Amino acid sequence: MAKQNDAHDKRWAVISLASIPLIMTLGNSMLIPILPLMEKELDISKLQSSYIITMYSIVAIFFIPLAGFLSDRYGRKKVIIPSLIITGLGGLIAGWASNSMSDPYLMIIVGRILQGIGASGAAPIVLPLVGDMFRDDKEASTTLGIIETSNTIGKVLSPILGAVLAAFIWFLPFYSIPVFCAVSVLMVGFLVKNKGGEEEHTSFKKYWGLAKETLKEHGKWLIAVFLIGAILMFILFGFLFYLSSILEDKYDYKGIWKGVLLAIPLLALSIASFIAGRKINDNLKVMKWITFIGIILTGASVAVIPFMDHPVYLLSIFLICGSGIGMSLPCMDALITESLEKDVRGVITSIYSAMRFIGVAAGPPVIAIMMKGNIIWMVSLLTIFALGAGLLAYRNINP
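Below: a short report on this structure. (Residues numbered from 1 in each chain as written. Predicted model: local features only at pLDDT ≥ 70, side-chain atom pairs only at ≥ 80, totals over all residues. Heavy atoms only, no water.)

## Regarding the layout of surface pockets
Selection rule: Cavities and pockets are found on a 1 Å grid laid over the protein atoms alone: a cavity is a set of points where a 1.4 Å probe fits but cannot escape, a pocket is an open set with protein on both sides within 12 Å along at least five of seven lines, and a lining residue has an atom within 4 Å of such a point. Grid points are joined across faces, edges and corners, and a volume is the space filled by probe spheres set on the points. In this text, helices come from DSSP runs of H or I with a minimum length of four residues, and strands from runs of E with a minimum of two, each type numbered from the N-terminal end.
As a volume, the largest pocket reaches approximately 160 Å³. Forming the boundary of the largest pocket are P33, I34, L37, K40, A163, A166, A167, E248, K254, G255 and K258. Counting residues per element, the ones that place at least two in the lining of the largest pocket are α2 (35-42), α7 (137-168) and α10 (255-280). At 3 residues, the largest contribution of residues to the lining of the largest pocket is made by α7.

In C-alpha cells, the structure reads:
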C-alpha cells in the first residue's frame, strides 16, 4: 500500500514538474506566430519584433547560473515558485502596457525581461530536481523524456493557442501567462514533496569550484553537449521565425490556420522526444547515437530548404527538422543528469540551460537580418551549424 501511495505521489509530482517547461515554452513560443500581427499593431520592424523573443532569452542566460546556485543551496522549490510568480508578473505588465499605452513596445520589453528572469529560475531547475527525486537511472531517463516531451508539447500548442487568443485580442497571449503560472505554482507547491538541495548550504566559492572540477574532468563531452544544445535551439527558433513570417507574408496564411500549420511539424518534434526518452533508458551509448542521428536529420532538412518554393514542402522539411531535434534533446538532458553527481547537477544543468537560451535568443534576430538577403546565406549558416553539432556529437561524446 505504501509503495502504491509513493508511486501515486511521484506520478503527480512528475505531472507538476512537467507543467513548468510547458508553461515556460508557451510563454515564449506562442508569441512567434503572432509576431507579424504585432509588427502591424505596434508599427515595428521584423528585427524589433524578434527582440520580443530575444530579450526574454538574453536575460535568462545571465540569471540561470544564479538560479542553479540558489536551488542547490536553498532547495529547488524555494527557487521555482518565486520564479513562476515573477514570470506571471511579467505577463501582466506586457498585457497592461499593450492595453493601456499608446506606444507600449518598451514596456512590453520590460515585461518580457521579467518573464526571462522568472524563466531562469523555473524550467532549468526541473532537470536537477528530477535527478534528486529518482535514484534509479532508468526511471530518471523516462521522467526526463516526459519533461522534455512536455516542453515540446508546449511548442506544439503554442502556435495554435497564440493564434486563438490573438484572434480575440492581439495582446491576450500576454494575459494568459499569469493564469498558467498560478496553476503551476499550486501544483508544485502542493504535489512536489522533494526538497533536494536544502541540506547542502554550499558557499558560492565552493559551488563554482565544484563546477570547475567537473568541467576539468568531463569538459570534452560537456562542452560538446552545451554547444549542441545552443545550436539546436538556434536552428529551431530561427526556422520557426522564418516559417511564421513566410507563411503570412508570402503565402497569406494567417491567424488560427497558420497556428495549426506550424503545430504539425512541432508535433513531430514532440513525438520524437517522447519516443527517444522511452528508448534510451540508462544506455549512454544509445544516447550518443540517437543524438548524432537526430542532428544529421536536422542538418539534412535545413540544407534542402531552397529546393522548392511551396508551403507544404517547407512544412514537410520542418517536420523532419523537428523530429531530429526532438530525438536529440532528451538524450542530452539524460547525459548530464545521469553522468554527474547530485552536488554539481544544479550548476551544470544551469550552464546547459543558459546555452540553450543563447540559441533561442540568437535565432530570430539573426534570421530576421538574413531574410533581407538571399535565402542561400541563411540555409548555408543553418546547415554549417548543424554539421558542426554533428561533428561535436560524433567526436566528443564518448560515454
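## Comments concerning the pattern of salt bridges
Definition in use: In what follows, salt bridge is the name for a side-chain nitrogen of Lys or Arg lying within 4 Å of a carboxyl oxygen of Asp or Glu.
Within this structure, the stated rule accounts for 7 salt bridges. Residue R356 is joined to D333 by a salt bridge in which the shortest nitrogen-to-oxygen separation is 3.5 Å. Of this pair, R356 sits in helix α13 (residues 342-370) while D333 sits in helix α12 (residues 311-339), and the two are 23 residues apart along the sequence. Among the ionic contacts, a cluster of salt bridges with common partners joins E39, K46 and D249.

## Let's talk about the packing of aromatic side chains
As a reminder, the rule being used: Two rings from Phe, Tyr or Trp (for Trp, the six-membered ring) form a pair when their centres sit within 6.5 Å of each other. Planes less than 30 degrees apart are called stacked, planes more than 60 degrees apart edge-to-face, and all others tilted. Summary of the burial criterion: residues with accessible area below 20% of their type's maximum are buried, those above 50% are exposed, and those between are partly exposed, where the area comes from a 1.4 Å probe applied to protein chains only.
This structure, assessed with the given rule, holds 10 aromatic pairs. Look at F239 and Y242: their rings are 6.5 Å apart centre to centre, the planes differ by 50°, and that puts the pair in the tilted class. Placement of the pair is F239 and Y242 together in helix α9 (residues 204-249), with a separation of 3 residues, close to one helical turn. The same class applies to F239 as to Y242, namely buried. Each ring, one from F239 and one from F318, has its centre 4.6 Å from the other, and the planes form 40°; the classification is tilted.

## Describing the packing of helix α11 (residues 284-303) against α12
Filter applied, for reference: All axes here are fitted lines through C-alpha atoms, helices being fitted over the stretch that makes contact, and every angle between N-to-C directions spans 0 to 180 degrees. Put simply, angles under 35 degrees are roughly parallel, angles over 145 are roughly antiparallel, angles from 65 to 115 are roughly perpendicular, and the rest are oblique. Put simply, a crossing is left-handed when the front helix is turned counterclockwise from the back one by less than a right angle, and right-handed when it is turned clockwise. Classes in brief: Ala, Val, Leu, Ile, Met, Phe, Trp, Tyr, Cys and Pro nonpolar; Asp, Glu, Lys and Arg charged; the others, Gly included, polar.
Closest axis-to-axis distance for the α11/α12 pair is 7 Å, and the angle between their directions is 155°. The pairing of α11 with α12 is recorded here as roughly antiparallel in orientation. Relative to α12, α11 is oriented so that their crossing is left-handed. Broken down by class, the residue content of the contact of α11 with α12 amounts to 16 nonpolar, 7 polar and 1 charged.

## A few points about the nonpolar core
We apply this condition: Residues belong to one nonpolar core when they are buried, are Ala, Val, Leu, Ile, Met, Phe, Trp, Tyr or Cys, and are joined through side-chain atoms within 4.5 Å. A contact between two residues is defined here by any heavy atoms of the two lying within 4.5 Å.
Residues L17, M38, L236, F239, L243 and I336 are the most contacted members of the largest nonpolar core, which totals 121 residues. If one sorts the elements of this core by residue count, α9 sits on top with 22 residues. Contacts of I336, omitting those with residues within four sequence positions, involve W221, L222, V225, F226, I348, T349 and Y352.

## Quick look at the environment of I305
Within the secondary structure, I305 sits in the loop between α11 and α12. For I305 and F318, which are 13 residues apart along the polypeptide, the C-alpha to C-alpha distance reads 9.0 Å. Aside from chain neighbours lying at most four places away, what touches I305 is F239, Y242, Y313, L314, I317, I375 and V379.

## A few points about the packing of α10 against α12
At a minimum axis distance of 7 Å, the contact between α10 and α12 shows a crossing angle of 30°. Here α10 is positioned roughly parallel relative to α12, judged by the angle of their axes. Here the hand of the crossing between α10 and α12 comes out right-handed. Touching L261, I264, P265, L266, A268, L269, A272, S273, A276, G277 and I280 of α10 are L315, F318, L319, G322, S323, I325, G326, M327, P330, C331 and A334, all from α12. Tallied by class, residues from the contact of α10 with α12 come to 17 nonpolar, 5 polar and no charged.

## Overview of the environment of S16
Position of S16 among the secondary structure elements: in helix α1 (residues 2-29). By relative accessible area, which is 0% here, S16 ends up buried. For S16 and I147, which are 131 residues apart along the polypeptide, the C-alpha to C-alpha distance reads 10.0 Å.

## Observations concerning empty space enclosed by the protein
Under the counting rule described, the total for this entry stands at 2 cavities of 30 Å³ or more. Its boundaries defined by the atoms lining it, the largest cavity holds a volume of some 370 Å³. In terms of lining residues, the largest cavity is bounded by 20 residues, among which T25, A123, N151, R356 and F357 are the most central. Elements with a minimum of two residues in the lining of the largest cavity: α1, α6 (123-133), α7, α9 and α13. Looking at the lining of the largest cavity residue by residue, the class counts come to 12 nonpolar, 4 polar and 4 charged. Lining the second largest cavity are S29, I32, P33, K155, S158, P159, L240, L262 and L266. At the level of elements, α7 and α10 are the ones that each hand at least two residues to the lining of the second largest cavity. When residues in the lining of the second largest cavity are grouped by element, the largest group, 3 residues, is from α7. Tallied by class, residues from the lining of the second largest cavity come to 6 nonpolar, 2 polar and 1 charged.

## Side note on the environment of N151
Here N151 shows up in helix α7. Judged by its relative accessible area of 11%, N151 is buried. For the pair N151 and S270, spaced 119 residues apart in the sequence, the C-alpha separation amounts to 8.0 Å. Among all residues touching N151, those that are not within four sequence positions of it are P21, T25 and R356.

## A short note on helix α5 (residues 105-120)
What counts, and what does not: Expected helix span is computed as 1.5 Å times (number of residues minus one).
Its 16 residues give α5 an end-to-end C-alpha distance of 23 Å, which sits within 8% of 22 Å, the value for a rise of 1.5 Å per residue. Of all the residues in α5, the buried ones are Y105, I108, I109, G111, R112, Q115, G116, G118, A119 and S120.

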